[in-house]
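Coordinate analysis (summary)
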Amino acid sequence: MSIVESLSPRSLRAPESGIVEVVNYAREREGLIPLWVGEGDLPTPEFIARAASDALLKGETFYTWQRGIPELRAALSRYYARRFGAALPAEHFYVVGSGMQAIKLAVEALVSPGDDMVYLTPAWPNFAAAAELSGANPIAVQLDFSGGRWQIDLDRVEAAITPKTRALFINTPSNPTGWTATREDLASLLAIARRHDLWIMADEIYALYHYAGGRAPSFLDVMEDGDRVIFVNSFSKNWSMTGWRVGWIVAPPEMGQVLENLIQYSTSGVPQFLQRGAVAALDEGDAFVQANIDKAAKNRDVFCDALIATNRVETLKPDGALYAFLKIDGVTDSRKAALDIVDSTGVGLAPGTAFGPGGELFMRACFLRDPKEVAEAADRLSRYIAAR
Ligand SMILES: Cc1ncc(COP(=O)(O)O)c(C=O)c1O
């Protein structure tokens, strides 16, 4: 038996990332404009880095609270009051090692081997992979795409539910489509979950990147006490902290001991000095977050307007999140197209094949970068598309 054959079937079910394949192919290219991964180009602001480095140098290097330091859980509670108008005491919050780990732990807490987890596609591939790693079945329900817009078909969601379904995973605003649930969509999804006794796993990591103004609608706007909703979230995108690997979960306090145990047996807690930086981000970071949002909004216009003007790209500007999801005329294999585009133009895009059913013909571009670079990428891509 080979080494690989001797590994657990569950570990072998974890798919390779279709985004990383293209990144590895061309990451060292000269003149590259990398729009393939979901992060901005700015490093973490100094006031956040300083809070963490001061704590590190002061010796905050010991084991810490499994659920997160009390100061950070209190800061999260204040943040939700300010941004979401939600009265959530600190015991609703659990600090974890990234949004990805939040997803992993939520799945572990709610879904058993053999259960179904319904999610909407095209989707960031990691939701389905987390379910598969837990032995569960991710059940894809496609969003509809017409006239450049993405929309949810609520009947299709309900039709996908079986006695094995335990949870609906809803990411809004969505990576990669930018689809953003309306308040009515969220109320309907919650009604479906109540009818079928399901959990909702809500990934609202991009809630503040909402281009109609204000934040995107949230399950917090429609839910009531006792509803089974767990939120996964992250410091990565709002505060330019992708490399920190710090995130959080919002969950009913009754789950507290179970989540604490799951944290104990994975990372045993997030480094305390990083949590000090996270407190600074929440308490002092509103202006920085607003600058990121303004930059994303302007870049979205520049990038999407240029590509729409080619008349060869089917897309509308996304309502939320950080991505243009482009259907380019004549592209029948987005993996091949991503390799060709980076070879021909030096613009790095993520192939839609990475995002599951319904995404195969699309290309994803993250526009939270230097406006000059984004304009240059739009120009290079428009010329490439015009010449095809
Ligand atoms: C929708 C969504 N959820 C979660 C994450 C995970 O964020 P992180 O693990 O960087 O905190 C991402 C990252 O791209 C994302 O797009």
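The shown structure was predicted, so the numbers you read here are calculated from the model rather than taken from an experiment. (Residues numbered from 1 in each chain as written. Predicted model: local features only at pLDDT ≥ 70, side-chain atom pairs only at ≥ 80, totals over all residues. Heavy atoms only, no water.)

An α-helix turns once per 3.6 residues; consequently, residues spaced three or four apart project the same way. Its 12 residues give helix α12 (residues 334-345) an end-to-end C-alpha distance of 15 Å, which sits within 8% of 16 Å, the value for a rise of 1.5 Å per residue. Turning to α12, its buried residues are Ser334, Ala337, Ala338, Leu339, Ile341, Val342 and Thr345. In this fold, the buried residues of α12 make contact with α2 (18-26), β12 (323-328), β13 (347-348), β14 (350-351), β15 (362-366) and α13 (371-387). Looking at where α12 begins, the residue whose side-chain oxygen comes 3.1 Å from the main-chain nitrogen of Arg335 is Asp333. Among the residues trailing α12, Gly346 stands out with phi positive, at a value near 75 degrees. (Helix = DSSP H or I, 4+ residues; strand = E, 2+ residues; numbered from the N terminus. Expected span 1.5 Å × (residues − 1). Buried < 20%, exposed > 50% of the residue type's maximum accessible area, 1.4 Å probe, protein only. Contact = heavy atoms within 4.5 Å. Polar contact = N/O pair within 3.5 Å; in protein donor to acceptor, adjacent residues only side chain to side chain.)

As assigned here, the chain comprises domain 1 (9-44 + 287-387) and domain 2 (61-285). Each of domain 1 and domain 2 was reduced to a C-alpha centroid, and the two centroids are 24 Å apart. If you look at the interface, domain 1 gives 38 residues, while domain 2 gives 41 residues. In this assembly, domain 1 packs against domain 2 so that about 3300 Å² is buried in total across both faces, 57% of it on carbon and sulfur atoms. At the boundary of domain 1 with domain 2, the tally comes to 1 salt bridge. For the side of domain 1 that touches domain 2, the element with the highest residue contribution is helix α11 (residues 286-308), accounting for 8 residues. Class assignment of the residues belonging to the side of domain 1 that touches domain 2 gives a composition of 22 nonpolar, 8 polar and 8 charged. (Domains from an automatic or database assignment. Buried area = accessible area lost by both parts, 1.4 Å probe. Salt bridge = Lys/Arg side-chain N within 4 Å of Asp/Glu carboxyl O. Nonpolar A, V, L, I, M, F, W, Y, C, P; charged D, E, K, R; others polar.)

Moving on to the site of the ligand. Around the ligand, 15 residues are found, and the nearest of them are Gly99, Asp203, Tyr206, Ser234 and Lys237. Between Asp203 and the ligand, the recorded distance is 2.5 Å, taken from a side-chain N or O atom to a nitrogen atom. Among the elements that make up the shell around the ligand, the one with the highest residue count is helix α5 (residues 99-110) (3 residues). Within the shell around the ligand, the residues separate by chemical class into 6 nonpolar, 6 polar and 3 charged. (Near = heavy atom within 4 Å.)

Let's shift gears to the sheet that holds strand β10 (residues 247-250). Taking strand neighbours across the sheet as the criterion, the 7 strands line up as β2-β10-β9-β8-β7-β3-β4 in an open arrangement whose pairing is mixed. In the strand order of this sheet, the two ends are held by β2 (93-96) and β4 (137-142), each with one partner. Put simply, the sheet's adjacent strands are angled 25 degrees from each other on average, direction ignored. Here 4 bridges tie β2 to β10, and the two strands are oriented antiparallel to one another. Within the sheet, the bridge partner assigned to Phe93 lies in β10 and is Val250. Most of the contacts of helix α8 (residues 183-196) go to strand β7 (residues 165-171), to which it runs at about 170 degrees, and overall it touches β7, β8 (199-203) and β9 (229-234). (Pairing = 2+ DSSP bridges. Axes fitted to C-alpha atoms, helices over the stretch in contact; angles between N-to-C directions.)

As annotated by UniProt and renumbered to match this structure, "domain: Aminotransferase class I/classII large" (unreviewed entry) occupies residues 33-381. Secondary structure over residues 33-381 splits into 39% helix and 18% strand, and the C-alpha atoms at its two ends are 11 Å apart. (UniProt positions renumbered as here; feature names shortened; annotations may be inferred.)

Turning to the packing of α5 against helix α6 (residues 126-133), a few remarks are in order. Between α5 and α6, the least distance of the axes is 9 Å, while the angle of their chain directions is 40 degrees. For the element pair α5 / α6, the angle class is oblique. Note on packing geometry: the crossing formed by α5 with α6 is right-handed. Across from Met100, Ile103, Lys104 and Val107 in α5, the residues of α6 making contact are Asn126, Phe127, Ala130, Ala131 and Leu133. Split by residue class, the contact of α5 with α6 holds 7 nonpolar, 1 polar and 1 charged. (Parallel < 35°, antiparallel > 145°, perpendicular 65-115°, else oblique. Left-handed = near helix turned anticlockwise from the far one by under 90°.)

All right, on to the side chain of Thr121 then. Assignment of secondary structure puts Thr121 in strand β3 (residues 116-121). According to the relative accessible area criterion, Thr121 is buried, its value standing at 0%. Once you skip the residues sitting within four places of it in the chain, Thr121 turns out to touch Ala140, Val141, Gln142, Leu143, Phe355 and Pro357.

Another point: the packing of α12 against α13. Between α12 and α13, the least distance of the axes is 11 Å, while the angle of their chain directions is 110 degrees. In terms of orientation, α12 and α13 fall into the roughly perpendicular class. Pair α12 / α13 crosses with right-handed handedness. Residues Asp340, Ile341, Ser344 and Thr345 of α12 pack against Arg380, Leu381 and Tyr384 of α13. By residue class, the composition of the contact of α12 with α13 is 3 nonpolar, 2 polar and 2 charged.

If you walk through the whole model with that rule in mind, you get 20 aromatic pairs. Taking 5.6 Å as the distance between ring centres and 80 degrees as the angle between the ring planes, the aromatic pair formed by Tyr79 and Tyr80 counts as edge-to-face. Taken individually, Tyr79 and Tyr80 each receive the classification buried, so the pair is uniform in this respect. Between Tyr206 and Tyr323, the aromatic rings sit 5.7 Å apart at their centres with planes inclined by 90 degrees, giving edge-to-face as the arrangement. Of the two residues, Tyr206 sits in the loop between β8 and β9 while Tyr323 sits in strand β12, which places them 117 residues apart along the sequence. Take Tyr206 and Tyr323: they sit in the same class, and that class is buried. (Phe/Tyr/Trp six-rings, centres within 6.5 Å; stacked < 30°, edge-to-face > 60°.)

This part takes up the pairing of β4. Within a regular strand, the side chains alternate between the two sheet faces. The pairing of β3 with β4 spans 6 bridges and is parallel. What sits directly across from Val118, in β4, is Ile139.

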